[in-house]
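Report on the structure
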Amino acid sequence: MEENKKLYTLLVYSENIAGILNQITAVFTRRQVNIESLNVSASSIPGVHKYTITAWSDEDQIVKITKQIEKKIDVVKATWFTDDQLFIRETGLYKLSTELVLQNPEISRTIRRHDATMTEVNPTYVIVMKSGNTNDILSLYRSLNDFGCVLQYTRSGRIAVTRSTQEQVSEFLKQRETEHKSL
C-alpha cells in the first residue's frame, strides 16, 4: 500500500432506483480503486437509501470519486470522511466447533474477554457474534483461530453515522426543497 493512501468512508444517499449501485461502483472501477466494504440500507429519510463504502485512496482521488458519484442523476448527496469523523461499527460472525469449545474452557473465556456473544449452541457448532471496530473483530478471529476451532468466519461491511446531530443529507434536502419552492 502506498504511504499516502488512507482508508476513506463515503456516505452516498440516493433514491432507491434499480441500477444505481452499478453506476456508483463503476466510478471506482474507472479510477481503478478497489472497494474494501460496501453496505446499503434504507436511511432515516423515507425513500432515500444510504451506501456506506470504504476504499483505500489518497485525498485527491477520493474527492474526484465523490464528485463523480454526486453527478449521478439519482444520487442525492455524496460525502467522504476519515475514521475520526464517524462513529463506525462492524459485526463479525464466527462458527466454532462445539466439540472443541467444550473441550477447552479457554475458548469461552476468550469469547467473554472480547465482549462477544454466543448466539446459538447446538451439538455441531457454536455461533459467536461480535460487534465493534475492524480491529476488535479481527482480534477475536485471530484468538479463536489460534485454538483451531473456527469452522467459518465472516465480517459485515462497515456501518457508519457522522458525529453531527443529523444526517448531512437532511440539511441538503431542506435546502433543495426551499430552492424548488422559490422557483
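Everything that follows concerns the structure shown earlier in this document.
Quick summary incoming for the structure in this document. (Residues numbered from 1 in each chain as written. Predicted model: local features only at pLDDT ≥ 70, side-chain atom pairs only at ≥ 80, totals over all residues. Heavy atoms only, no water.)

What about the pairing of strand 7 (residues 125-132)?
Regular strands place their side chains on alternate faces of the sheet. Relative to strand 7, strand 5 (residues 86-97) is paired through 8 bridges, and the arrangement is antiparallel. Opposite Lys-95, over in strand 7, you have Ile-127 as the bridge partner. The antiparallel pairing of strand 6 (residues 117-121) with strand 7 creates a hairpin that spans 3 residues between the two strands. (Pairing = 2+ DSSP bridges. Helix = DSSP H or I, 4+ residues; strand = E, 2+ residues; numbered from the N terminus.)

As for the side chain of Thr-110
Residue position: Thr-110 is located in helix 4 (residues 105-113). What makes Thr-110 buried here is its relative accessible area of 3%. Not counting residues within four places of it along the chain, the set of residues in contact with Thr-110 comprises Leu-140, Ser-143 and Phe-147. (Buried < 20%, exposed > 50% of the residue type's maximum accessible area, 1.4 Å probe, protein only. Contact = heavy atoms within 4.5 Å.)

Some points on the packing of aromatic side chains
Tallying each qualifying case throughout the model produces 3 aromatic pairs. An aromatic cluster of at least three residues, connected via ring pairs, comprises Tyr-94, Tyr-141 and Tyr-153. (Phe/Tyr/Trp six-rings, centres within 6.5 Å; stacked < 30°, edge-to-face > 60°.)

Focus: the packing of helix 1 (residues 20-30) against helix 2 (residues 59-70)
Where helix 1 meets helix 2, the axes come as close as 10 Å, and the angle between the chain directions of the two elements is 150°. Compared by their axis directions, helix 1 and helix 2 come out roughly antiparallel. The crossing of helix 1 and helix 2 is right-handed. Where helix 1 approaches helix 2, its residues Ile-24, Val-27 and Phe-28 are matched on the opposing element by Ile-65, Gln-68 and Ile-69. Across the contact of helix 1 with helix 2, the residue classes break down as 5 nonpolar, 1 polar and no charged. (Axes fitted to C-alpha atoms, helices over the stretch in contact; angles between N-to-C directions. Parallel < 35°, antiparallel > 145°, perpendicular 65-115°, else oblique. Left-handed = near helix turned anticlockwise from the far one by under 90°. Nonpolar A, V, L, I, M, F, W, Y, C, P; charged D, E, K, R; others polar.)

Looking at unusual backbone geometry
A negative phi holds for most residues other than glycine; trans holds for most peptide bonds. Its identity is not glycine, yet Gln-32 carries a phi of approximately 55°, on the positive side. Looking at where Gln-32 falls in the secondary structure, it is placed in the loop between helix 1 and strand 2 (35-42). We note that Asp-115 has phi near 55°; this positive angle belongs to a residue other than glycine. Inspection of the secondary structure puts Asp-115 in the loop between helix 4 and strand 6.

Thoughts on the environment of Leu-100
Among the structural elements, Leu-100 can be located in helix 3 (residues 98-103). Given the relative accessible area of 29%, Leu-100 is considered partly exposed. Remark: the alpha-carbon pair of Leu-100 and Gly-148, spanning 48 residues in sequence, is separated by 8.2 Å. Setting aside chain neighbours within four positions, we find Leu-100 in contact with Ile-107, Gly-148 and Cys-149.

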